[in-house]
Amino acid sequence: MPLPYYVSPEQMMKDKAEYARKGISRGRSIVTLEIRDGILLVAENPSTLLHKVSEIYDRIAFAGVGKYNEFENLRIAGIRHADIKGYSYSRGDVTAKALANAYSQALGNIFTQDIKPFEVEVLVAEVAEGNGSRNEIYHILYDGTIEDERNYAAMGGQADEIRRFLKDHFREGLPLDEALQLGVRALTVTQNKTLSERDLEVAVLDRAKERRKFRRIPPEALSQLLGTQR
Amino acid sequence: MNDQRWQHLFRDYADSSFSELLRRDSPHLFPGPEPHPPSGPAPVEAVPHGTTVLALRYRDGVIMAGDRQATAGYQVASRRIEKIFKADDLSGVGIAGAAGPAMEMAKLFQTELEHYEKVEGDNLSLDGKANKLGQMIRMNLQAAMMGLAVVPIFAGFDEKAGVGRLFKYDITGGRYEETNYDSQGSGSKDARDSLKKLWKRDMSRDDALRVSLEALIDAADEDVGTGGPDLVRGIFPSVKTITRSGFGDVTDDEVKRVCETILADRAKTGNGG
């Protein structure tokens, strides 16, 4: 009888992590910034139909990098979680924290139990209601590791370089146009190209909006904000 | 992976309906009668009922209006309930019938539309929304037979056609599109009679507002369940407009002003009984 071959748990986890990281690093990046009027999400995404950034609930947005079908699956699970919770309790009881924890549990379980881990990182952002409460940004990694970020967050292929850039250049309370320009500069920090409005997917959680704070910024408005309008 | 399994997965991924999700994952939250309702007399008299709502087309879209009273038997159950709900940016539901199940249905319907919009990244068509509401009413049929009928009016702005449209329903979920106006609830006959005489094609917003309030005042006049404008407590019918630019409130102040004008005109001419 042949012996079942043995792989140490350390080695198995290492291999899986390496596999997931490789998948994620191939993808384009996303930057999130806290701005004066809410939270800004900027993704490099040439497609106008397949979104990387989307609405989850009134004050909560989602962003994902890596393998599209995997983070799309997580996005829909998030919307389902939020809508059921809001329907059975009240809209105010749906929080980014609970959702981020659910994502963390799901990704952690998949990482340890499935042969193939998810090659994704996701981000859950919740804009503060005003009066004293603060924005929340959670960053969840492929293995379920969860971090709460302040001021800015980056994920995807060049996340480390982008974070380093933002550490030097981020300022609190930026208006939308300046923050957007900063975000685009951050996305191109490792590349020798410029990004136009056609390469970007941009959305904000706009504190000034009624109830549903999520708002996509269409390409026409983008070129205006970027100051590249012809 | 066998056929059945991937087809099941496919259905699950492609499903963007909130009510289906609720029924599958949280059936205890799904509105409707208990599987084994307690026996005994039907609770028809005991629960609050919403009374009169109406919708009519005008130049820019549709107006929806409702009185504010809920009636249980011969008692006023509430003087301030809201019967016109925003379903999404371009549509609204006016509820009549058993107030509890009706409000629950409106809430489920709102969540259904928002859920679809978020999952699909696109809005349902107006026909799709109207059809979905019909299915929800049909699911309430068993409760309707026990006297807890819910019969809403659905109205919205059809972006494709560029016009306002309105739909009425029966308790079985039957859906009927009305071209000009309709009313639902205990005072609906009187409101409809009034609308029949006053409605005109392509009315302005001001005219449409006046006509809808005239109809509600007539319904309150003739039907004991329907509440009229309450000048003492400052309670007035709620009126909403749905146009290309979205779902809008008509302010209490404006409604009050128009109500006062109508009542003053009626007092002057001796009209209205």
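In the block above lies the structure referred to throughout.
What counts, and at which threshold
Residues numbered from 1 in each chain as written. Chains lettered and ligands numbered in written order. Predicted model: local features only at pLDDT ≥ 70, side-chain atom pairs only at ≥ 80, totals over all residues. Helix = DSSP H or I, 4+ residues; strand = E, 2+ residues; numbered from the N terminus. Rg over C-alpha atoms; globule rule 2.2 N^0.38 Å. Buried ≥ 20, exposed ≤ 12 C-beta atoms within 10 Å, placed from the backbone. Contact = placed C-beta atoms within 7 Å. Expected span 1.5 Å × (residues − 1). Pairing = 2+ DSSP bridges. Axes fitted to C-alpha atoms, helices over the stretch in contact; angles between N-to-C directions. Nonpolar A, V, L, I, M, F, W, Y, C, P; charged D, E, K, R; others polar. Parallel < 35°, antiparallel > 145°, perpendicular 65-115°, else oblique. Left-handed = near helix turned anticlockwise from the far one by under 90°. Arc of directions from axis to C-beta.

**So, the overall build of chain A**
Working step 1: For chain A, the count of helices and strands is six helices and ten strands.
Working step 2: For chain A, whose C-alpha radius of gyration is 18 Å, the value lies close to the compact-globule estimate of 17 Å for 230 residues.
Working step 3: By its C-alpha atoms, chain A is 75 × 50 × 30 Å across when sized along the principal axes.
Working step 4: The buried share of chain A, taken over its 230 residues, is 42%.
Working step 5: Across chain A, contacts joining residues at least 24 apart in sequence account for 65% of those joining residues at least 6 apart.

**Points about helix H7 (residues 205-222) of chain B**
Residues and elements named next belong to chain B.
Working step 1: With 18 residues, H7 should reach 26 Å at 1.5 Å per residue; the first-to-last C-alpha distance of 26 Å fits that figure.
Working step 2: By the burial criterion, the buried members of H7 are Ala 208, Leu 209, Val 211, Ser 212, Leu 213, Glu 214, Ala 215, Leu 216, Ile 217, Asp 218, Ala 219 and Ala 220.
Working step 3: Structurally, H7 contributes buried residues whose contacts are with strand E2 (53-58), strand E3 (61-66), strand E12 (181-184), helix H6 (188-198), strand E13 (238-243) and helix H8 (252-269).

**Topic: the sheet that holds strand E6 (residues 84-88) of chain B**
Residue and element names in this part refer to chain B.
Working step 1: Read across the open sheet, the five strands follow the order E6-E7-E9-E10-E11; overall the sheet is antiparallel. Each of the sheet's edge strands pairs with one partner strand only, and the pair in question is E6 and strand E11 (175-178). Within this sheet the neighbouring strands show an average axis-to-axis angle of 25°, counted without direction.
Working step 2: Both strand E7 (residues 91-94) and strand E9 (residues 153-158) contribute to a ladder of four bridges, which runs antiparallel. Looking at the pairing, Ser 91 lines up with Gly 156 of E9.

**Some details on the interface of chain A and chain B**
Working step 1: Opposite the nine residues of chain A that make contact, chain B presents eleven residues.
Working step 2: If one sorts the elements of the side of chain A that touches chain B by residue count, helix H2 (residues 68-88) of chain A sits on top with seven residues.
Working step 3: In terms of residue class, the side of chain A that touches chain B is built from four nonpolar, two polar and three charged.

**Examining the packing of helix H3 (residues 99-120) of chain B against helix H4 (residues 126-139) of chain B**
For any two helices packed against each other, the geometry is given by the interaxial angle and the distance between the axes.
Residue and element names in this part refer to chain B.
Working step 1: Packing of H3 against H4 brings their axes to within 11 Å, and their N-to-C directions diverge by 140°. Of the possible angle classes, the one that applies to H3 and H4 is oblique. Between H3 and H4 lies a crossing whose hand is right-handed. Here Met 105, Leu 108, Phe 109, Glu 112 and Leu 113 of H3 lie close against H4, whose contacting residues are Lys 129, Lys 132, Leu 133 and Met 136.
Working step 2: Taken together, the residues that form the contact of H3 with H4 break down as six nonpolar, no polar and three charged.

**Some points on the packing of H2(A) against helix H3 (residues 96-113) of chain A**
Residues and elements named next belong to chain A.
Working step 1: Contact geometry of H2 with H3 gives a least axis separation of 11 Å together with a crossing angle of 135°. Of the possible angle classes, the one that applies to H2 and H3 is oblique. Crossing of H2 against H3: the hand is right-handed. Contacts from Leu 74, Gly 78, His 81 and Ala 82 of H2 reach H3 at Leu 99, Ala 102 and Tyr 103.
Working step 2: Taken together, the residues of the contact of H2 with H3 break down into five nonpolar, two polar and no charged.

**Looking at H3(A)**
In an α-helix, one turn spans 3.6 residues, which is why side chains three or four residues apart end up on the same side.
Residue and element names in this part refer to chain A.
Working step 1: Compared with the 26 Å implied by 1.5 Å per residue over 18 residues, the 25 Å span of H3 between its first and last C-alpha is a close match.
Working step 2: For H3, the set of buried residues is Ala 96, Leu 99, Ala 100, Tyr 103, Ser 104, Leu 107 and Phe 111. Projection of H3 onto a plane perpendicular to its axis shows the buried side chains occupying an angular sector of 140°, all on one side. Away from its buried face by more than 90 degrees, H3 exposes Asn 109 and Gln 113.

Limitation: the analysis is restricted to geometry and does not speak to function.
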